[in-house]
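Residue-level structural notes
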Amino acid sequence: MGRPNVGKSALFNRIVGRRIAIVHDQPGVTRDRVSAEAEWHGQPFTLIDTGGIGLLRKEKATDVITTAALAQVELAIEAASVVILVVNVQEGIVPLDREAAARLRGSGKPVLVAVNKVDTSKAESGMDEFAALGFDKIFPVSAIHGEGIEPLMDAAMAELKVQSRESVEGQVSSEEAALRELSSTPPPDVGSNARALKLAIVGRPNVGKSSIINAFTKSERVIVSSIPGTTRDAVDVPFEVETEGIRQSYVLIDTAGMRKTRRVDDSIEFFSVKRAEDSIARCDIAILVLDAESGITEQDKKVADKIVEERKACIVVVNKWDLMEEAVRKAREQEIERRRTKDRNAPQFMTTLSEFGEWVQRHLFFLDYAPVIFTSAKSGFHLDRLLEAIRYVAAQLQQKIPTSILNRTLQDAVERRQPVSSRGLRLKFFYATQVKEAPPTFLLFLSREDLFSPQYKKYLSDQLRAAFGYEGCPIILVPKARPKTIEPVRKFRPRHQTKPRVKGGRRRARTSY
């Protein structure tokens, strides 16, 4: 933690070893708590990057985002075992540094001071000034060049060991009581899948992505405001759900809103969109969030196309459905009146969620395999159904189809509809096998790859989906021509090598053309 623009995100990325947090010269880029699992010399830990403390204690914030960012910093300090206070040696101690130090002294947590941007020996001479902050352990570092990280992290790991030892000693009695209780009861089933499922919440700006995550976790884990572009970093939020004694682990990835490319006017938004695209690439299931009031826009289709391009399982969520309740109620009354009067000239209205879902799938026809869930993060409407859809799609991703059943299903599909070729050639299928589960990928051995048209590929995908489900999952068909392993025995000679014909004992040369 620290004041804005001292290099907290750069130090975070240096320790983790990956470019996770956005680094920029503009102050106040980081807003949410960005966390990452890391390891130092075999010791695992969780590192949290926070927004800068940009206000003194008596100052008032001019916007809700600044207030929410400060609240996120307080939550991070409260949850931390060790705090690294980052300062800038080039600017010395400023009032905001003293404000950050005062907050940390009140927390009672162990504090390490990282004096950043110590790139030269001349800059190192200015470290003595930061002893006035009141902390004993001060370390010169350079986040950009990676200098001084080793002593800082060794000290942090030593403090973590002390904290863990004290916490263990304080919980001995409670653990003994818990062990006695567990010895008399069977252990709960924690599920067969130990790896947490990654769920990327993606969509346009201001459609309610962060609100859905806060509704799931029942906390203000990420900052929510009516200002588009509030979220900048891709924030990983661990999340666990226990259903019927089975505990399932998830990682909710909150992403920045993805606008049209021509509207991205600064580098911060460019990197935010890039983090969102990377989140789609590394997730297991992409949750595409739409705005019920705006309907389906061109940008929604572009985000959906990115999901299809990455071949990710998908669930479409129409959020803010509470804002449409009054309009749906009026449409239902008009539809009832039309049916009562049997007026065929009156317009028909969609009145049920199934009809709205079919309308969404017609407009997102290239993503028609994704289930459509109507929710309201504000009221909690149908959030339980969204969790059920996530569990169902995750189970579909784990399917392994036996080769015999797969070939029987494809054979029946080919018999019902033969592939058509414009060249007059016939496409022959030999056999198929599943080579990957997520996404479900099938290798088809056939006579010629060029005869396997996209239309027939779509037909076979629909037949596999009808037979095995795969709701929410893309089906990948990979055609492969079976090689000819045996050369033909009969070989034809070219016409210019024809032997001369023999007639009446005399050889007559035959002219070849």
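This one's a predicted model, so the numbers in the text were calculated from it and none came from an experiment. (Residues numbered from 1 in each chain as written. Predicted model: local features only at pLDDT ≥ 70, side-chain atom pairs only at ≥ 80, totals over all residues. Heavy atoms only, no water.)

1. As for the packing of aromatic side chains
Working definition: an aromatic ring pair is given by the centre-to-centre distance plus the angle between the planes. Across all of its chains, the model carries 12 aromatic pairs by this definition. Consider the rings of Trp 321 and Phe 356, whose centres lie 5.2 Å apart with planes at 75°: the pair is edge-to-face. On the criterion of sequence distance, the pair formed by Trp 321 in the loop between β10 (313–319) and α10 (325–341) and Phe 356 in helix α11 (residues 353–363) is long-range, its members being 35 residues apart. Exposure class is identical for Trp 321 and Phe 356. Each is buried. The structure contains a cluster of three or more aromatic residues connected by ring pairs, namely Phe 429, Phe 452, Tyr 456 and Tyr 459. Between the NZ or CZ atom of Arg 417 and the centre of the ring of Tyr 459, over which it lies, the distance is 4.7 Å. (Phe/Tyr/Trp six-rings, centres within 6.5 Å; stacked < 30°, edge-to-face > 60°. Helix = DSSP H or I, 4+ residues; strand = E, 2+ residues; numbered from the N terminus. Buried < 20%, exposed > 50% of the residue type's maximum accessible area, 1.4 Å probe, protein only. Lys NZ or Arg CZ within 6 Å of the ring centre and 35° of its normal.)

2. A short note on the nonpolar core
General note: in soluble globular proteins, nonpolar side chains tend to be found buried as a group. Leu 11, Ile 285, Ile 315, Ile 390 and Leu 460 are the most contacted members of the largest nonpolar core, which has 79 residues in total. Counting residues per element, this core draws most heavily on helix α12 (residues 383–397), which supplies 8 residues. If we skip the residues at most four places from it in the chain, Leu 460 touches Leu 410, Ala 413, Phe 429, Leu 444, Phe 452 and Leu 477. Counting 31 residues, the second largest nonpolar core, distinct from the first, contains Ala 286, Ala 304, Leu 364 and Phe 374. (Core = buried A, V, L, I, M, F, W, Y, C linked by side-chain atoms within 4.5 Å. Contact = heavy atoms within 4.5 Å.)

3. Here's the deal with the packing of helix α13 (residues 403–416) against helix α14 (residues 454–468)
In contact at an axis separation of 10 Å, α13 and α14 are set at 130° when each is read in the N-to-C sense. When the interaxial angle is binned, α13 and α14 end up oblique. Once α13 is placed against α14, the crossing between them reads as right-handed. Mapping the contact onto sequence places Ile 405, Leu 406, Thr 409, Leu 410, Ala 413, Val 414 and Arg 416 in α13 and Tyr 456, Tyr 459, Leu 460, Gln 463, Leu 464, Ala 467 and Phe 468 in α14. A breakdown of the residues in the contact of α13 with α14 according to their chemical character gives 11 nonpolar, 2 polar and 1 charged. (Axes fitted to C-alpha atoms, helices over the stretch in contact; angles between N-to-C directions. Parallel < 35°, antiparallel > 145°, perpendicular 65-115°, else oblique. Left-handed = near helix turned anticlockwise from the far one by under 90°. Nonpolar A, V, L, I, M, F, W, Y, C, P; charged D, E, K, R; others polar.)

4. Quick word on the sheet that holds strand β7 (residues 235–243)
The 6 strands are arranged β7-β8-β6-β9-β10-β11 in an open sheet whose pairing can be described as mixed. Only two strands of the sheet have a single partner each, and these edge strands are β7 and β11 (372–374). Between one strand axis and the next, the sheet turns by 25° as a mean value, whatever way the strands run. Here 7 bridges tie strand β9 (residues 285–291) to β10, and the two strands are oriented parallel to one another. Bridged to Asp 291 within β10 is Asn 319. Contacting β6 (197–203), β9 and β10, helix α9 (residues 298–309) runs over the sheet at an angle of about 175° to β9. (Pairing = 2+ DSSP bridges.)

5. Remarks on α14
Taking 1.5 Å as the rise per residue, α14 with 15 residues should run 21 Å; its terminal C-alpha atoms sit 21 Å apart, in good agreement. On its buried face, α14 sits against α12, α13, β12 (429–436), β13 (441–446) and β14 (476–481). Following α14 by one or two positions, Gly 469 has its phi on the positive side, about 90°. (Expected span 1.5 Å × (residues − 1).)

6. Focus: unusual backbone geometry
Across the junction of Ala 438 and Pro 439, the peptide omega takes the value -5°, indicating a cis bond. Examined against the element boundaries, Pro 439 turns out to sit in the loop between β12 and β13. At Asn 206, a residue that is not glycine, the phi angle is positive and equals roughly 65°. Its place among the elements puts Asn 206 in the loop between β6 and α7 (209–217). The class for Asn 206 is partly exposed, based on a relative accessible area of 35%.

7. Some words on the side chain of Asp 300
Summarising the element assignment, Asp 300 is placed in helix α9. For Asp 300, a relative accessible area of 0% gives the class buried. Here Asp 300 is in contact with Arg 204, Leu 288, Leu 290 and Gly 295, once residues within four sequence places are set aside.

8. Some remarks on the pairing of β6
Most of β6 is tucked away: 6 of the 7 residues are buried. Looking at chain direction, β6 and strand β8 (residues 246–254) are connected through 5 bridges and run parallel. Each residue of the ladder has a partner; that of Leu 197, found in β8, is Tyr 250. Looking at chain direction, β6 and β9 are connected through 5 bridges and run parallel. What sits directly across from Ile 201, in β9, is Ile 287.

9. Details of the side chain of Asp 254
Within the element layout of this structure, Asp 254 appears in strand β8. Summary of buried charges: Asp 254 has no salt-bridge partner, and the nearest side chain of opposite charge, Lys 209, is 6.0 Å away. One polar contact links Asp 254 to Ser 210, side chain to side chain, over a distance of 2.7 Å. (Lys, Arg positive; Asp, Glu negative; His and termini not counted. Salt bridge = Lys/Arg side-chain N within 4 Å of Asp/Glu carboxyl O. Polar contact = N/O pair within 3.5 Å; in protein donor to acceptor, adjacent residues only side chain to side chain.)

10. Examining the sheet that holds β12
The sheet built from 3 strands is open, its strands ordered β12-β13-β14 with mixed pairing. The open sheet has two free edges, formed respectively by β12 and β14, since each of these has just one partner strand. Ignoring which end each strand starts from, the neighbouring axes of this sheet average 25° apart. Bridging between β12 and β13 involves 6 bridges; their strand directions are antiparallel. Note on β13: the bridge partner recorded for Ala 432 is Leu 444. α13 rests against β12 and β13 of the sheet, and its axis sits at about 130° to β12. Together, β12, β13 and β14 form the strand contacts of α14, whose direction differs from that of β14 by roughly 125°.

11. Notes on the environment of Arg 448
Counting through the fold element by element, Arg 448 comes out in the loop between β13 and α14. On the accessibility criterion, Arg 448 (34% relative accessible area) is partly exposed. Put simply, Arg 448 and Leu 427 are 21 residues apart on the chain and 6.6 Å apart in space, counted from C-alpha to C-alpha.

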